Amino acid sequence: MKILIVEDEPKTGDYLRQGLTEAGFVVDLARDGWDGLELARSGGYDLLILDVMLPGLDGWRVLAGTRRAGLETPVLFLSARDRVEDRVKGLELGADDYLVKPFAFAELLARVRSLTRRARAGLEPTLLRVADLELDLTRRRASRGGARIDLTAKEFALLELLLRRQGEVLPRSLIASQVWDMNFDSDTNVIDVAVRRLRAKIDEPFPVRLIHTVRGMGYVLEAREP
Ligand code: CA
């Protein structure tokens, strides 16, 4: 899941980027409204988090520009303003939610999860499955053979990607860009280490392996005939 944050205040922007990255999202950060709009229009985001007061274009105009470009990306406004008319304006312009600063990160995260979930509800399944392995995207839980498995945010994101594209060989570079937001030529050792950790949790304790290494190519998740 990819999120764009448009926030000019450096501390808040960095704090949000770090928190959401740790929560397993791929995050881009723009520091002003023009950059924000350009990135938002390039598409590919599952959620926009827009500050209202921004240099250049304010958050409302970023939202209006995004909608004019035909994009229905959900938007969460973040603002120190808490006047009722500001909230009403934001919601009338098509914002999906509005959070007043200062806010607790836990509350922001809960809203982000709710918005990204709502956006894909009806479009995609909330339960991904292969063999006896299940990933519940709504409750953020993994289980195999009915036994709950605790995953870190990155492990969850990695397993989600493998499950969504099960049966397909995923190159390390693709995994890197989708889960870590790293470039094609980044050190892919990170991927191998993460896959090893994931295997230790979802494969090794069980008789049938689901994650397979395809030499020279990458990884594939599938139930193979024994
Ligand atoms: Ca601001």
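Presented here is an overview of the structure given in this document. (Residues numbered from 1 in each chain as written. Predicted model: local features only at pLDDT ≥ 70, side-chain atom pairs only at ≥ 80, totals over all residues. Heavy atoms only, no water.)

## Things to note about the environment of S143
Checked against the element boundaries, S143 lands in strand β8 (residues 141-144). Each C-alpha atom of the pair S143 and D132 lies 8.1 Å from the other, and the pair is 11 residues apart in sequence. Ignoring anything within four residues of it in the chain, the contact list for S143 reads D132, L133, E134, R148 and I149. (Helix = DSSP H or I, 4+ residues; strand = E, 2+ residues; numbered from the N terminus. Contact = heavy atoms within 4.5 Å.)

## Looking at the layout of surface pockets
In this structure, the largest pocket spans a volume of roughly 490 Å³. Among the elements that take part in the lining of the largest pocket, helix α6 (residues 153-164) stands out by supplying six residues, more than any other. For the lining of the largest pocket, the per-class residue count stands at 10 nonpolar, six polar and nine charged. (1 Å grid on protein atoms, 1.4 Å probe; cavity = no way out; pocket = protein on both sides within 12 Å on 5 of 7 lines; lining within 4 Å. Points joined across faces, edges and corners; volume = space filled by probe spheres on them. Nonpolar A, V, L, I, M, F, W, Y, C, P; charged D, E, K, R; others polar.)

## Focus on the coordination of the calcium ion
Those donors, D8 (OD), D51 (OD) and M53 (O), are the protein atoms that reach the calcium ion, and they lie 2.1 to 2.3 Å from it. In the primary structure, the donors to the calcium ion are separated according to the pattern D-x42-D-x1-M. Here D8, found in the loop between β1 (2-6) and α1 (10-22), pairs with M53, found in the loop between β3 (47-51) and α3 (59-68); they are 45 residues apart in sequence, far enough to count as distant. Relative accessible area serves as the criterion here: at 29%, D8 is assigned to the partly exposed category. (Donors = N, O, S within 2.8 Å, 3.2 Å for Na, K, Ca; no water. Buried < 20%, exposed > 50% of the residue type's maximum accessible area, 1.4 Å probe, protein only.)

## Details of the pattern of salt bridges
Taken as a whole, this structure holds 16 salt bridges when the rule is applied. A salt bridge links K101 to D51; the nearest nitrogen and oxygen atoms lie 3.2 Å apart. Here K101, found in the loop between β5 (97-100) and α5 (105-120), pairs with D51, found in strand β3; they are 50 residues apart in sequence, far enough to count as distant. Across the pair, D51 and K101 agree in class, each one buried. The partner of R164 in a salt bridge is E160, with the nearest N and O atoms 2.8 Å apart. Note that R164 and E160 are positioned in helix α6 at a spacing of four residues, about one turn of the helix. The class for E160 is buried, based on a relative accessible area of 10%. One salt-bridge network, held together by shared partners, links E7, D51 and K101. (Salt bridge = Lys/Arg side-chain N within 4 Å of Asp/Glu carboxyl O.)

## Remarks on the sheet that holds strand β4 (residues 75-79)
The strand order across the open sheet formed by five strands is β2-β1-β3-β4-β5, and the pairing between neighbours is parallel. Each having just a single partner strand, β2 (26-30) and β5 make up the two edges of the open sheet. Sheet twist, expressed as the average angle between the axes of neighbouring strands with direction ignored, equals 20°. Where β1 meets β3, four bridges bridge the pair, whose relative direction is parallel. Bridging from a neighbouring strand, I5 pairs with I49 of β3. (Pairing = 2+ DSSP bridges. Axes fitted to C-alpha atoms, helices over the stretch in contact; angles between N-to-C directions.)

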